[in-house]
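Summary of structural features
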Amino acid sequence: MTSSAKESNTHRGRYSEPVPTSNLTNDEADFPEFEFFDEKATPRSNAPSGDALSVVKVDMCQSINKPNHYTVAYDITNLVVRRGKQFVIRITFNRPIVRGDDFQVEFLIGSHPSPSKGTLLAVTFGDRKGSSWSGTILEEQGESMIFGITPTANAIVGKFRCYVAVITGNGIQRTKRDARTDLYLLCNAWCPEDAVFLNDEAERKEYILNDNGMIFQGAYNAVSYRNWMYGQFEKGILDACIYILDCCRIPISTRGNVIQVVRMVSSMVNAQDDNGVLVGNWGSDFSMGKSPSSWTGSVQILLQYVNTGVPVAYAQCWVFAGVFNTLLRCLGIPARVITNFNSAHDSTGNLKTDLIFKMDGSPDRRHTMDSIWNYHCWNEVFINRHDLPPHCSGWQVVDATPQETSDGYYRCGPSSVNAIKDGLLCHPFDCGFVFAEVNSDIVCYKRNRYGTLNVFWVHKSYVGMLICTKAVGRYEFLDITHNYKYRQGSPEDNRTMERAEEYGCERDHSELDESEMSVPSLQVQMCQDVILAVDFQNQGDLPKTVQAHLSESVIFYTGVIANHFKDYDFTVTVPAHQMERVMLKVTAEEYLPHLGNQLSLHFVVTGQADEQSLTAIKVVDLQTPELTMEVSGQPQVQQEMFVTVSFTNPYSFPLRDVVVAIEGPGLMSYKTRSYSVIEPQASYSWKESFIPRLEGQRRLVAFMVCSNLGQVTSPTFSVHITLLIFFMCIFWFSCPV
């Protein structure tokens, strides 16, 4: 038996027919052009005299529907509409409609369409009852009629086939299959009855219609960002989204349920266990794919995945979040990318991130299993959760980065942000995991020669220090930490923590003072020396002598050590009731040989004074120079324009294996240029032409990566594209004979 035959028989004994899970590929021949009535059925009325009614033409009225449904930007030939809102079609018959004519418009999705599953919708326009989708006659013009059709607000999301069916004396005569009448149905944040309804126009424009954005990185006290081109309206992306839904094997009949769609897609964005879109790689060897830092947006990733069927290499958290955001917005689901600075990644599932040190104060990397990521990116989607108490509706955390399994798959969410803030970890899905990412305590232990661990320092506010996203309508960050947690130490915060413990999240209750040592913020350019200022505060009545240790490392952004390059011991005496500042210098010559393609330096200062131990942690992200970008030409739709990207190597060493990329949704597709080496003080300039497709405020981004520097970006260039409209005037006049 062939594999296809085996697959076709896997449903036998459980279902009468296979459960349809494919939208883009289906057996279109399973729906007959002419369908006889059952033997005992009789026609609704006698056939009218004269010519039999037939359909001449079906017009999907795209010029009317697309602006009304906010879908003009989709680069696709078929009609795209949103559920819960009326769209119009024009049907031309062979003659005017007369009394006794009967017809219906049918919408089918997937194979084996069925009215009971919501995959076959028959829309009627008279007294005869049809499906849940409603229809009305808007206008009659002889043989031509305009109909209004309104899908339900919970209709299946995907690609529908459309037929016009005329009722004859002994059956139903349908129009021939015509791919031009296929339509795509999306979620509708403008519809109050839709689960994704968002009651703010500015937020709808940002979280659904904006096709580019900012993803924040760096450190909580030195926030940087990268531009990300979501490109949800670009050619092939909508079909790519439906292809991924098919890969999830979500039954067609459940694709109207936003919670199920979001949850399944979050597992398909990563390839950890189901051959999904992206392969994660948090190391430094990207020879079998592309460095995560080299991607400028989602479009190339999704198109490569669809065209090859092979997971795309490589991604890290911001790439997973950026691609997931594209999928969500493309399907009409309000979505945004979130960055959590100092994100806890605990290996034991409690509210403690355990950092272990040796007796001399140096980090014990061998026995430390937990880590604190400099930042971690996930997504939020806006859903009215009818499966939860009312206050749990609104923004929900979803995370496609593979970290822990949830119901057997590497995925996370949707988790109610309001539930996380109140410690209601009983609600689905994965609230406890997200709660720990933003609320864990850092617990530092010293490990003696016998392996015994003793707590010497606890920090309760370091994790989740800043949670932010792009502001609505502005290219700057918005602090949303208050959405996730109450003020540290407030009665509400204490109540939340107690409630979380009631749901099984273990916390540390050591009675220890928090650190009296700190390292102020600083920003350092690549190849500059790092000057660390370490402040020791003595709140006692007697002077204290501190035996201190400085550990210096290069780290991945996940907090994992890439290269440890120096240990340094020093002593400081702090007078009573005073602060003593110690300046420590780390030269560029010390850290440069150990960087590789990482740009984060990690400093841990530990100190011992009498019986008291102190610890302070500082992450420094090295700053790189920017590209220069200029745009010229007439900013009009379908008029040629030019972008020029230039860069001068300011360093004393050559840059190798350089790749430069430019991209701008609605302006130009992803383009790259490679340079084998850029010598010290050498420059390059790249000029590329493009023709704008969409009007309005559009953005271009340029990006450069190389094997020995990491990433170099340009400020995005914003250009307003106008639509040039030509008016034709025809003058009629008569000439005297």
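Source: prediction; values computed, not measured. Throughout, a residue's number is its position along its own chain's written sequence, starting from 1. With the structure being a predicted model, the display of local features is reserved for residues of pLDDT at least 70 and the display and counting of side-chain atom pairs for 80 or more, all residues being used for whole-chain, interface and lining totals. Water and hydrogen atoms were dropped before computing side-chain values, which therefore reflect all heavy atoms in the structure.

Focus: the environment of asparagine 418
For the record, the criterion: Each helix corresponds to a stretch of at least 4 residues labelled H or I by DSSP, and each strand to a stretch of at least 2 residues labelled E; elements are numbered beginning at the N terminus. Contacts were defined at the residue level, with two residues in contact if any of their heavy atoms lie within 4.5 Å.
Inspection of the secondary structure puts asparagine 418 in helix α8 (residues 417-421). Those residues in contact with asparagine 418 that lie beyond four places of it in its chain are His391 and Ser393.

Remarks on the layout of surface pockets
What counts is decided by this rule: Grid spacing is 1 Å over the protein atoms alone, the probe is 1.4 Å, and a cavity is where that probe fits but cannot get out, while a pocket is an open set with protein on both sides within 12 Å along at least five of seven lines and lining residues have an atom within 4 Å of a point. Grid points are joined across faces, edges and corners, and a volume is the space filled by probe spheres set on the points. Gly counts as polar in this scheme, as do all residues outside two lists: the nonpolar Ala, Val, Leu, Ile, Met, Phe, Trp, Tyr, Cys and Pro, and the charged Asp, Glu, Lys and Arg.
Of the volumes computed, that of the second largest pocket is approximately 720 Å³. Lining the second largest pocket we find 29 residues, and of these Leu209, Glu695, Gly696, Gln697 and Arg698 sit closest to its centre. When contributions to the lining of the second largest pocket are tallied by element, the ones reaching two or more residues are α2 (62-68), α3 (201-209) and β40 (696-706). Residues belonging to the lining of the second largest pocket are distributed by class as follows: 12 nonpolar, seven polar and 10 charged.

Examining unusual backbone geometry
In the segment running from glycine 413 into proline 414, the intervening peptide bond is cis, with an omega of 5°. Relative to the elements of secondary structure, proline 414 occurs in strand β22 (residues 412-416). Following proline 428, the chain continues into phenylalanine 429 via a peptide bond in cis, with omega recorded as 5°. For phenylalanine 429, the position within the fold is in the loop between α8 and α9 (431-439). Despite not being glycine, asparagine 275 has its phi angle at roughly 55°, a positive value. Structurally, asparagine 275 can be placed in the loop between α5 (258-268) and β14 (278-280). Phi angles above zero are rare outside glycine, and cysteine 527 is one such case at about 80°.

Section: the packing of aromatic side chains
Using the following cut-off: Between 30 and 60 degrees the pair is tilted, below 30 it is stacked and above 60 it is edge-to-face, where a pair is any two Phe, Tyr or Trp rings, Trp via its six-membered ring, whose centres lie within 6.5 Å. Three exposure classes are used, based on accessible area relative to the maximum for each residue type with a 1.4 Å probe and protein chains only: buried under 20%, partly exposed in between, and exposed over 50%.
Scanning all chains against the criterion turns up 28 aromatic pairs. Seen in terms of ring centroids, tyrosine 375 and tyrosine 557 are 4.7 Å apart; in terms of plane orientation they differ by 25°. Their pairing is stacked. Of this pair, tyrosine 375 sits in strand β18 (residues 371-383) while tyrosine 557 sits in the loop between β30 (544-555) and β31 (561-574), and the two are 182 residues apart along the sequence. Look at tyrosine 375 and you get buried, because its relative accessible area is 5%.

Observations regarding the sheet that holds strand β7 (residues 134-141)
Threshold: Two strands qualify as a pair provided that DSSP identifies no fewer than 2 bridges between them. Lines fitted to C-alpha atoms define the axes here, with helix axes fitted over just the stretch in contact, and angles between the N-to-C directions of these axes take values from 0 to 180 degrees.
Taken together, the four strands give an open sheet; going across it, the order is β2-β4-β8-β7, and neighbouring strands pair in antiparallel fashion. With partners counted over all chains shown, the strands left at the sheet margins are β2 (55-59) and β7, one partner each. On average, adjacent strands in this sheet sit at an angle of 25° to one another, irrespective of strand direction. Two strands pair when backbone bridges link them, and β7 and strand β8 (residues 144-150) are joined in this way by seven bridges, in the antiparallel orientation. Residue glutamate 140 lies in a different strand from β8, and its bridge partner there is methionine 145.

Comments concerning the sheet that holds strand β29 (residues 530-538)
One open sheet accounts for three strands, arranged β27-β29-β32; its pairing is antiparallel. The strands lining the two open edges of the sheet, one partner per strand, are β27 (517-518) and β32 (578-586). Where β27 and β29 come together, two bridges link them in antiparallel fashion. Note on β29: the bridge partner recorded for methionine 517 is phenylalanine 536.

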